[in-house]
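The primary structure of each chain is shown beneath.
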Amino acid sequence: YGVYSKGFDNITIKDCDIYEGNVSGNNKYGIYLLGMNNSLIENITIKTIGSYSQGIELNNSNFNNLTSLKINTSGNYAHGIDLQGEGNNNSFYDLTILNGGSYTYGINVLGANNTFRKFKILKEGLMFFPPPPGSMPYEGIRIKGDGRKDNLFEEGSILTIRRGIVIDAADYNR
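Below you will find a few notes about this structure. (Residues numbered from 1 in each chain as written. Predicted model: local features only at pLDDT ≥ 70, side-chain atom pairs only at ≥ 80, totals over all residues. Heavy atoms only, no water.)

When strand β2 (residues 12-19) meets strand β4 (residues 40-48), the two strands line up parallel, connected through 7 bridges. Pairing of Asp 17 across the sheet is with Thr 45, part of β4. Bridge count for β4 against strand β6 (residues 65-73) is 8 bridges, and the pairing is parallel. Following the sheet pairing, Ile 41 is matched in β6 by Leu 66. (Pairing = 2+ DSSP bridges. Helix = DSSP H or I, 4+ residues; strand = E, 2+ residues; numbered from the N terminus.)

Right, here's the structure in full:
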C-alpha cells in the first residue's frame, strides 16, 4: 500500500504522489482506509499497476473529505475509487480518474449518502468505436446493493466503452 490506515480517525493526507511501480503481484492499493472517519485527503496523485489494485479504497470509513485527486489504474478489476462496507457520508470533489484494465469501475459505490462533485472518469485507450471484439466491460460509476441510497453525483463527465452509470438494487441516487 502507498498509504494504509486501520481504525485511525482525524488524519490528514495531503500533497502526495503515490506510484506503485512493481509490475508483479496484485492487490496493491494507492490508499487503503479501513474504519477511518473524519479525515482529509487532499491534492493526491495515484498510479497503480496490477489486478485488484484500487486507487483508493474506503472500507467502513465515514465522514471523510477527499479533494483534488488524480487516479490512474491499469490492472484488471482495479477501480479508481472503491467504497466498500459501510462507506457513508464521504465527500469527493475535483476527481480525475483514468482506468486502463478490464472489468473496472471509475467509482464503485457500496455505501450511502456520499457526494461526488466535479469529476471526470475516462477509460484509457478509447480509440475504437465500436470497441474491438473481445474488449471487456467497463463502467464509469457503479452503485450496487440494498440500502445504497442518497448518493449525489454533480458536475461530472464519463467517457467509457460500455455504460456510464449502473445502478443495481440501489434507490434514491441522483
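This structure, assessed with the given rule, holds 10 aromatic pairs. Judged by centre distance (5.4 Å) and plane angle (15 degrees), the rings of Tyr 1 and Tyr 29 are stacked. Of this pair, Tyr 1 sits in the segment before β1 (3-6) while Tyr 29 sits in the loop between β2 and β3 (31-34), and the two are 28 residues apart along the sequence. Owing to a relative accessible area of 54%, Tyr 1 belongs among the exposed residues under this scheme. Tyr 29 sits in the buried class, given a relative accessible area of 12%. Between the aromatic rings of Tyr 4 and Tyr 32, the centroid separation amounts to 5.6 Å while the plane-to-plane angle is 5 degrees, which identifies the pairing as stacked. Here Tyr 32 lies in strand β3 and Tyr 4 lies in strand β1, a separation of 28 residues in the sequence. (Phe/Tyr/Trp six-rings, centres within 6.5 Å; stacked < 30°, edge-to-face > 60°. Buried < 20%, exposed > 50% of the residue type's maximum accessible area, 1.4 Å probe, protein only.)

Considering the arrangement of structural elements, one finds Leu 83 in strand β7 (residues 81-84). Residue classification places Leu 83 among the buried positions, given a relative accessible area of 0%. Spatially, the C-alpha atoms of Leu 83 and Ile 56 are 8.4 Å apart, while their sequence positions differ by 27 residues. Discounting chain neighbours no more than four positions away, the residues touching Leu 83 are Leu 58, Asn 90, Phe 92, Asn 108, Val 109, Leu 110, Asn 114 and Phe 116. (Contact = heavy atoms within 4.5 Å.)

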